[in-house]
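Structure assessment
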Amino acid sequence: MTAPHRYYKTRQWYELRRLQLANEPWCRICARLGRHTRATTVDHVRRHFGNAEAFFNGPLQSLCAVCHSSIKRAFELSGHRSACDVNGRPLSREHHWNRPRRGISNRPR
Ligand SMILES: [Zn+2]
């Protein structure tokens, strides 16, 4: 597997990053929390696992340094993103609150 950090040194990534921050200059997580913070980091919405196609063509989001490091750290520890929206609902699609219920009936007994 190619070491993904090599992709960050490419001209293609430099351009992608510049365009992403130009199109979305504010931190996406802070915005959902009602805060207005200048983004400094471009994050891959989906994990790329060192795959060049996912790295260069996968969806991106702009984040501030604080949100980026905190979600990355939480993700590494728990396996899902821990940030929440304004209603307290986890943003991660992998979080069990956001997974479709299977075989569980909500009807009262
Ligand atoms: Zn932020």
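Whatever comes next refers back to the structure up there.
Scope of this entry: the structure provided in the associated data block. All residue numbers refer to position in the chain's written sequence, counted from 1. The predicted nature of this model means local features are confined to residues of pLDDT at least 70 and side-chain atom pairs, given and counted, to a pLDDT of 80 or more, with totals for whole chains, interfaces and linings taken over all residues.

With respect to the overall build of the chain
Secondary structure follows DSSP: runs of H or I at least 4 residues long count as helices, runs of E at least 2 residues long count as strands, and numbering of each begins at the N terminus. Looking only at helices and strands, one finds four helices and two strands in the chain. Shown N-terminal to C-terminal, the secondary structure of the chain runs as helices and strands in the order α-α-β-α-β-α. Each residue is classified by how many other C-beta atoms fall within 10 Å of its C-beta atom, where C-beta atoms are placed from the backbone; a count of 20 or more means buried, 12 or fewer means exposed, and values in between mean partly exposed. Taking all 109 residues of the chain together, the buried fraction comes to 10%.

Things to note about unusual backbone geometry
Even without being glycine, F49 reaches a positive phi, approximately 50 degrees. When you line up the elements, F49 lands in the loop between β1 (41-44) and α3 (52-57).

Observations regarding the environment of W13
Its location among the elements puts W13 in helix α1 (residues 11-23). Through-space distance from the C-alpha of W13 to that of F55 is 8.7 Å; in sequence the pair is 42 residues apart. What counts as a contact here is a pair of residues whose C-beta atoms, placed from the backbone, lie within 7 Å. If we skip the residues at most four places from it in the chain, W13 touches Y7 and Y8.

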